[in-house]
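# Reading the structure
Listed here are the chains, written in short residue letters.
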Amino acid sequence: GDLDLAMTTNGVLLGRHAAALRAAGLDRMTVSLDGIDDATFRRASDSPFGVSAVLDGIDAAVEAGFPRVKVNAVVRRGINEDQVVPLVEHFRGSGHVLRFIEFMDVGSTNGWTGSEVVPAAEIRAAIEARWPVEELPPSRHGEVAQRLRLRDGSAEVGLISSMSSPFCDTCTRARLTADGRVHTCLFSSTGTDVRGLLRGSRRPGDLHTLLRRVWGGRDDRYSEVRSALTRRADAPVEMSYIGG
Ligand code: SF4
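Residues numbered from 1 in each chain as written. Predicted model: local features only at pLDDT ≥ 70, side-chain atom pairs only at ≥ 80, totals over all residues. Heavy atoms only, no water.

To continue, consider the domain arrangement of the protein. When cut into domains, the protein gives domain 1 (6-164) and domain 2 (170-242). Look at where the C-alpha atoms of domain 1 and domain 2 centre, and you get two points 23 Å apart. (Domains from an automatic or database assignment.)

Rendered as structure tokens:
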């Protein structure tokens, strides 16, 4: 009953599926959008879809009854850091929460280099240069974003500083991939299959027992020990596979 279910998506199929997802019990929707300029977005996301497809998806989520959509933008120096202010400008007054995420070394195919990380403090400074902001308290235990509000009340913006200020000690996120594996950390290389159990078990308590065991056994704190682990041989799971 108190399980908080959220999905992270590129949004392009929401027009078809948002209503069904809402009816199935999904609580929250997060859509990735790394820029509002179409050419920049396509370059940053390496996607055949343009900005308008994602914006249509956000509209579809609202229409399906998701109370407010979170919009995630991963900021990379030299790629899309000039999109911070335009994104805030676009979503001001929409009621959606815009969140800027430091570029992380998730997976092994995103070509991560430290030189492309734009620290959250720099993102905040860019926003503050245009609009006065005030800090908001965390919305709940396990909140990963530093919450800011434009002083005129027109927008809430979150800053996720996984690189410059890790928050593993309050991390409460388990992630379920589209093929039915539960990962207890964004950076884990293996997950636990639950699809087999869901399709094979007749006892409803089995899933609960499995999740309790998996979650109870976790000791993930990758971001906090990143420097020691970046040379490990096993490849972490890709961001596009695990969601945000
Ligand atoms: S690195 Fe893993 S444990 Fe740390 S905040 Fe990210 S998902 Fe949570």
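More follows now that the structure is in view.
What follows is about unusual backbone geometry. One non-glycine residue, D46, adopts positive backbone phi at about 55 degrees. Tracing the chain through its elements places D46 in the loop between α2 (38-45) and α3 (51-63). (Helix = DSSP H or I, 4+ residues; strand = E, 2+ residues; numbered from the N terminus.)

Looking now at the site of the ligand. F167, C168, C171, R175, C185, L186, F187, R218, D220, Y222 and S223 make up every residue found near the ligand. Residue composition of the shell around the ligand, by class: seven nonpolar, one polar and three charged. (Near = heavy atom within 4 Å. Nonpolar A, V, L, I, M, F, W, Y, C, P; charged D, E, K, R; others polar.)

Once that is clear, we can look at the confidence of the model for the protein. Scored by pLDDT, the protein has a mean of 88; 91% of the residues are at 70 or more. Averaged over each element, pLDDT in the protein is lowest for helix α8 (residues 226-229) (56) and highest for helix α4 (residues 84-91) (98). (pLDDT = per-residue confidence, 0-100.)

Enumeration according to the criterion identifies 15 salt bridges in this entry. Across the pair D38 and R42 runs a salt bridge whose closest N-O atoms are separated by 2.7 Å. A residue pair is termed a helical-turn pair when its members lie 3 or 4 positions apart in one helix, as D38 and R42 do in helix α2 at four residues. A relative accessible area of 36% places R42 in the partly exposed class. Two residues, E89 and R130, come together in a salt bridge whose shortest N-O distance is 2.4 Å. Of the two residues, E89 sits in helix α4 while R130 sits in the loop between α5 (120-128) and β5 (133-136), which places them 41 residues apart along the sequence. Given the relative accessible area of 31%, E89 is considered partly exposed. For R130, a relative accessible area of 45% gives the class partly exposed. Ionic contacts of the salt-bridge type, sharing partners, join the residues E89, R92, R130 and D152 into one network. (Salt bridge = Lys/Arg side-chain N within 4 Å of Asp/Glu carboxyl O. Buried < 20%, exposed > 50% of the residue type's maximum accessible area, 1.4 Å probe, protein only.)

Another point: the sheet that holds strand β8 (residues 175-176). Reading across from one edge, β8-β9-β10 is the order of the three strands in this open sheet, with antiparallel pairing throughout. Edge positions in the sheet fall to β8 and β10 (192-193), since each has one partner strand and no second. Pairing of β8 with strand β9 (residues 181-183) involves two bridges; the strand directions are antiparallel. Across the sheet, residue R175 finds its bridge partner in β9, namely H183. (Pairing = 2+ DSSP bridges.)

The next subject is the sheet that holds strand β6 (residues 146-150). Taken together, the seven strands give an open sheet; going across it, the order is β1-β2-β3-β4-β7-β6-β5, and neighbouring strands pair in mixed fashion. The open sheet has two edge strands with one neighbour each: β1 (6-9) and β5. Sheet twist, expressed as the mean angle between neighbouring strand axes with direction ignored, is 25 degrees. Of the pairings in the sheet, the one linking β1 to strand β2 (residues 28-32) comprises four bridges and is parallel in character. Looking at β2, one finds that A6 is bridged to R28. (Axes fitted to C-alpha atoms, helices over the stretch in contact; angles between N-to-C directions.)

Looking now at the packing of aromatic side chains. Evaluation of the coordinates by the stated rule reveals one aromatic pair. Here F187 and Y222 contribute two aromatic rings whose centre-to-centre distance is 4.2 Å and whose plane-to-plane angle is 20 degrees, an arrangement assigned as stacked. Of this pair, F187 sits in the loop between β9 and β10 while Y222 is found in the loop between α7 (205-216) and α8, placing the two residues 35 residues apart along the sequence. Residue classification places F187 among the buried residues on the basis of a relative accessible area of 4%. Cation over ring: R22 sits above F66, and NZ or CZ is 5.0 Å from the ring centre. Between the NZ or CZ atom of R218 and the centre of the ring of W215, over which it lies, the distance is 4.0 Å. (Phe/Tyr/Trp six-rings, centres within 6.5 Å; stacked < 30°, edge-to-face > 60°. Lys NZ or Arg CZ within 6 Å of the ring centre and 35° of its normal.)

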